[in-house]
Amino acid sequence: MIFSHANLPFDFNALRLFPDIVNSYSVHFFESLGSTNDKARMLAAAGCENLTVIIADRQTEGRGRFGRKWHSPPGVNIYMSIVLAKISNPLITLLNYAVALAVARAVRESAGIDVRTKWPNDLYCSGKKFCGILTESVSSGGRILYSVTGIGINVNQAKEELPDNIRENTTGISIERGGGVARGDIIIQVMQYLNYYLRLLETDPKVIRKEWCEISMTVGSRVNAVVADTLIEGEAVSLDEHGALIVRLDTGESITLTGREPVSPRLKKFTEY
Ligand code: BTN
């Protein structure tokens, strides 16, 4: 664990209390970083250990999917990235689901709120997003060299401190439970469940898909997306073995969505309703 006890925020205390869990990773803590994903990618490129974890108290260049900004103020939220240096190609498409399940269970158990998964990479509570996951991989000759999965969780940020453009559709753990939570308590649980779900990903990946679907707000709902310049509509049914979303179209035909479909200027994004 690479941080001094002096600079660790007081609500990270649990990291000192559970050395067995913390020491199953190689944890680096920073007061401020551009992006924990960028730092993790740098360390991974330099050959850092498998299961290196980067945590920052704030990010100045936090990133989301499609190059969106991830609001990352100090002292309130969790910004962490994990390096997987040994992930095999077929499992990479299920990695986000394994991480989402680990965070969902960690948050449910440490904060007592109801958490749902939203395809492809988000966690929601009361119909609003509070956590985003961003996996970036580097391959060579068709083989994955390493992947970095970043997790952003809104923990103790007040509603009025959320940026205007996302306030309506965004929430946080303290907003939902009506009281703050120590970030360290959640991080410890995330690390513990990550151990469990990353192992399950190797040994029995279909359970990952099953559990993700069980707590999903996407499966069973109406969805639309643009595929090959055509707007398609139907019902999300489940995930296929590669992690693509199976959608039963109104025509009766089934198609799969990978989450990398081009963003439509008209639709702006994959939507569900
Ligand atoms: C999304 O919902 O678009 C994904 C958001 C991912 C945000 C996290 S915060 C920690 C890590 N570092 C980043 O720059 N991004 C991810």
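Thresholds applied
- Residues numbered from 1 in each chain as written.
- Predicted model: local features only at pLDDT ≥ 70, side-chain atom pairs only at ≥ 80, totals over all residues.
- Near = placed C-beta within 6 Å.
- Helix = DSSP H or I, 4+ residues; strand = E, 2+ residues; numbered from the N terminus.
- Nonpolar A, V, L, I, M, F, W, Y, C, P; charged D, E, K, R; others polar.
- Buried ≥ 20, exposed ≤ 12 C-beta atoms within 10 Å, placed from the backbone.
- Contact = placed C-beta atoms within 7 Å.
- Domains from an automatic or database assignment.
- Pairing = 2+ DSSP bridges.
- Axes fitted to C-alpha atoms, helices over the stretch in contact; angles between N-to-C directions.

Attention now goes to the site of the ligand. Close to the ligand lie 20 residues; Ser35, Gly64, Gly132, Gly150 and Gly152 are nearest. Looking at the shell around the ligand, the elements that each hand over two or more residues are helix 3 (36–45), strand 3 (78–84), strand 6 (128–140) and strand 7 (143–153). In the shell around the ligand, the residues fall into 5 nonpolar, 11 polar and 4 charged.

Counting through the fold element by element, Val107 comes out in helix 5 (residues 95–111). Judged by local crowding, Val107 falls into the buried class, with 28 C-beta atoms found within 10 Å. Excluding residues within four positions of it along the chain, Val107 makes contact with Ile113, Val115, Ile173 and Ile186.

The subject of this paragraph is the environment of Arg143. Structurally, Arg143 is set in strand 7. In the structure, Arg143 is positioned 55 residues away from Ser88 in sequence and 7.9 Å away in space, judged by C-alpha atoms.

Our next topic: the domain arrangement of the protein chain. In terms of domain boundaries, the protein chain breaks down into domain 1 (10–214) and domain 2 (222–272). One C-alpha centre belongs to domain 1, the other to domain 2; they are set 25 Å apart. Between domain 1 and domain 2, the residue contacts involve 9 residues of the former and 8 residues of the latter. The dominant element in the side of domain 1 that touches domain 2, judged by the number of residues it contributes, is helix 9 (residues 205–214), at 3 residues.

Turning next to helix 3. Thr36, Asn37, Lys39, Ala40, Arg41 and Ala44 are the residues of helix 3 that are buried. Considering only its buried residues, helix 3 is in contact with strand 1 (26–33), strand 2 (52–59), strand 3, strand 6 and strand 7. Looking at the residues trailing helix 3, positive phi occurs at Gly47, about 90°.

Moving on, we get to the pairing of strand 8 (residues 222–227). Sheet analysis places strand 8 next to strand 9 (residues 230–239), joined by 6 bridges and oriented antiparallel. Across the sheet, residue Asn224 finds its bridge partner in strand 9, namely Glu233. With antiparallel pairing between neighbouring strands as the criterion, strand 8 and strand 9 make up a hairpin whose turn holds 2 residues, including Ala228 at a positive phi of roughly 50°.

Let us look at the sheet that holds strand 2. Strands sit in the order 1-2-3-7-6-5-4 across an open sheet of 7 strands; the sheet is mixed. Of all the strands in the sheet, the pair left with one neighbour each is strand 1 and strand 4 (116–118). Going from strand to strand, the sheet's axes swing by 20° on average, the running direction of each strand aside. Taken together, the 10 bridges between strand 6 and strand 7 define a ladder with antiparallel strand orientation. By the bridge assignment for strand 7, Ile133 is matched with Ile151. Lying on the sheet, helix 8 (residues 183–203) is in contact with strand 2, strand 3 and strand 7; it crosses strand 3 at an angle near 20°.

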